[in-house]
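Notes for the structure review
Spelled out, the chains give:
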Amino acid sequence: MNVKKFCLILSLALAVTHAEAGIRLPDIIGNNMVLQQQSKAKLWGWADPNEKISITTSWDNRVYETTGSRDAKWTVELQTPAAGGPYSICLQGKNTLLLENVLIGEVWLCAGQSNMEMSGSWGLQDIQKELPQAHQQELRFFHIPKTTAAFPQEQVKGEWVVCDSNTLKTFSAVGYFFGKNISQKLGTPVGLIEAAWGGTAAEVWTPDSIVNNNPVLKKAAGLIQPSGMCPYIPGSAYNGMIAPIVPYAIAGVTWYQGENNTDAATTYRPLFTAMIHAWRQAWDQPLPFYYVQVAPFRYRKTNAGALLREAQWQCRVIPHTGMVATNDITGNVNDVHPQNKHDVGLRLANWALADHYGVKGIACKSPEYKSMQVKGAKAVIKISGADGGLQLRGDSITSMQIAGADKVFYPAEAAIQGDTIVVWNTSVKRPMAVRYCFTDTAIGNVFSSAGLPLLPFRTDQWTFPGF
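So, a few notes on the structure that sits alongside this text. (Residues numbered from 1 in each chain as written. Predicted model: local features only at pLDDT ≥ 70, side-chain atom pairs only at ≥ 80, totals over all residues. Heavy atoms only, no water.)

So, the overall build of the protein
Looking only at helices and strands, one finds 10 helices and 23 strands in the protein. In terms of overall dimensions, the protein is globule-like: its C-alpha atoms have a radius of gyration of 25 Å, near the 23 Å expected for 467 residues. Referenced to the eigenvectors of the C-alpha coordinate spread, the extents of the protein come out at roughly 90 × 45 × 35 Å. Each of the 467 residues in the protein was classed as buried or not, and the buried ones make up 57%. Contacts in the protein between residues far apart in sequence, at least 24 positions, make up 74% of those at least 6 positions apart. Summed over all atoms, the accessible surface of the protein reaches about 19600 Å², with 50% contributed by carbon and sulfur. Computed over 40 positive and 36 negative side-chain charges, the separation of the two mean positions in the protein equals 6 Å. (Helix = DSSP H or I, 4+ residues; strand = E, 2+ residues; numbered from the N terminus. Rg over C-alpha atoms; globule rule 2.2 N^0.38 Å. Buried < 20%, exposed > 50% of the residue type's maximum accessible area, 1.4 Å probe, protein only. Contact = heavy atoms within 4.5 Å. Areas by Shrake-Rupley, 256 points an atom, 1.4 Å probe, with all protein chains shown as cover. Lys, Arg positive; Asp, Glu negative; His and termini not counted. Charge placed at Lys NZ, Arg CZ, Asp CG, Glu CD.)

Pasting the structure below:
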């Protein structure tokens, strides 16, 4: 007898002998969910103390047993197979629950602020074009509603849904394009969990103990501007939206945030580093963490965007992380929400495919500054990650600046020579510093042979007033 039929028969029998329900599940565990393949995927919930629970999985007909604790909680780890499905899971205690249409595949958490939250309901044309062919059985969504809490929670509202023209409209566009590319390239089901809130600073996604016990981070948190649209208390979104799903096995995290930390840009590096460490510690594994560099935008505090992007670039040294550049795909520097989410999602997917899954032949890493050598009145900039040489889109390199000892920057002339850029200006006789796209609104036009933009950089360490 198959698991589903057995579970249905048992549920009818138990309905006669038990008037009260025993087993209860958090919303993250339910029909249509995706479990991480080839892992010990944890199921958990609540039941009466000492209530005996058996769980049967249809992919191998294995029976797992556990018992409700004195705190009315239970947990069990299921050994999942390679990607596949759909499967069913039968849970039997004083009541019987049947979880159906369960897939085994890759599960990713998509988190951050508004640029991760943006969906088809925001009028994104990228998503409107996807709607006619949006029904994809192997792509599943779980959207976490905006929730805060003073302490870590155990439950969050939501439900797993199949990707179709209706559910796609309100799900993260970046997450969708990421998941779609992962699923198609690997040929596996993909489950996406969205936890995003426009206008949030990284502090609210970081456990409050980490922020409050660090004087530098605590001071920076005090600079967050309270808003009627989003929380500002450290840890509040983490407690309400991340902590409840921590037991759920995931492959990794994609992150798009930073705009609301620009007022304290110089502290973003230790903050983001601490946040990543905290999430990895919570899941007890070195989760891959792929994040998006904030796009050109006219911030109220001059140089805030440039310094925030630099802090994000500095975080690339954290193991198992990767950064997506966006200094080439903005449409309007007066809009903090670039409309092109397709390329952002694709670049995040390429990071995961190349770095985490080991797929060969996929370019994911943008070229970046390596070193500078002064030759007479010219600066020779060496670029790493430019195999095949650099390429220019346009007549001349834009957003390149050069300065001498007086620290006065002039627009520079520049010429590409393989993987180097020669930079000069007749007003600078002895170059001391070069900057590329190192302003809030600069849009780059230098690329690798694979089409990835050269990351913004500066060769100096001069300070900026107000930071």
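Concerning the environment of Thr 321
Residue placement: Thr 321 occurs in strand β13 (residues 321-324). According to the relative accessible area criterion, Thr 321 is buried, its value standing at 8%. Residues within four places of Thr 321 in sequence aside, it is in contact with Ile 276, Arg 280, Phe 289, Tyr 290, Tyr 291, Cys 315, Arg 316 and Trp 351.

So, the environment of Ser 58
Note on placement: Ser 58 falls in the loop between β3 (52-57) and β4 (62-67). Through-space distance from the C-alpha of Ser 58 to that of Cys 90 is 8.2 Å; in sequence the pair is 32 residues apart. Within the structure, the side chain of Ser 58 is placed 2.9 Å from the backbone nitrogen of Ser 88, a separation counted as a polar contact. (Polar contact = N/O pair within 3.5 Å; in protein donor to acceptor, adjacent residues only side chain to side chain.)

Remarks on the pattern of salt bridges
The final tally for this structure, using the stated rule, is 12 salt bridges. Asp 27 is paired through a salt bridge with Lys 157; the nearest N and O atoms lie 3.7 Å apart. With a gap of 130 residues between them, Asp 27 in the loop between α1 (3-17) and β1 (34-36) and Lys 157 in the loop between β8 (136-143) and β9 (160-163) connect regions that are remote in the sequence. The closest approach of N and O atoms between Arg 435 and Asp 460, which form a salt bridge, is 2.9 Å. Taken as a pair, Arg 435 in strand β21 (residues 433-436) and Asp 460 in the segment after β23 (457-458) lie far apart in primary sequence, 25 residues in all. Owing to a relative accessible area of 4%, Asp 460 belongs among the buried residues under this scheme. Here the residues in one salt-bridge network are Glu 310, Arg 435, Arg 458 and Asp 460, joined through shared partners. (Salt bridge = Lys/Arg side-chain N within 4 Å of Asp/Glu carboxyl O.)

Regarding the environment of Glu 413
With respect to the secondary-structure elements, Glu 413 resides in strand β19 (residues 413-417). Owing to a relative accessible area of 47%, Glu 413 belongs among the partly exposed residues under this scheme. Here the alpha-carbon distance between Glu 413 and Trp 59, two residues 354 residues apart in the chain, equals 63 Å. In contact with Glu 413, other than residues within four places in its own chain, are Val 422, Val 423 and Trp 424.

Quick notes on the sheet that holds β21
Ordered in space as β18-β17-β21-β23, the 4 strands form an open sheet in which the pairing is antiparallel. Pairing within the sheet leaves two strands with one partner each, and these edge strands are β18 (409-411) and β23. In this sheet, β23 lies alongside β21 in antiparallel orientation, the contact comprising 2 bridges. In the sheet register, Tyr 436 faces β23, and the bridge partner there is Phe 457. (Pairing = 2+ DSSP bridges.)

So, the sheet that holds strand β15 (residues 378-384)
Paired through their backbone hydrogen bonds, the strands of a sheet run either parallel or antiparallel. One open sheet accounts for 4 strands, arranged β14-β15-β20-β19; its pairing is antiparallel. Looking at which strands have only one partner, the edges of the open sheet turn out to be β14 (368-375) and β19. Between one strand axis and the next, the sheet turns by 25° as a mean value, whatever way the strands run. In the sheet, β19 pairs with strand β20 (residues 420-424) via 5 bridges, with the strands oriented antiparallel. Within the sheet, the bridge partner assigned to Glu 413 lies in β20 and is Trp 424. (Axes fitted to C-alpha atoms, helices over the stretch in contact; angles between N-to-C directions.)

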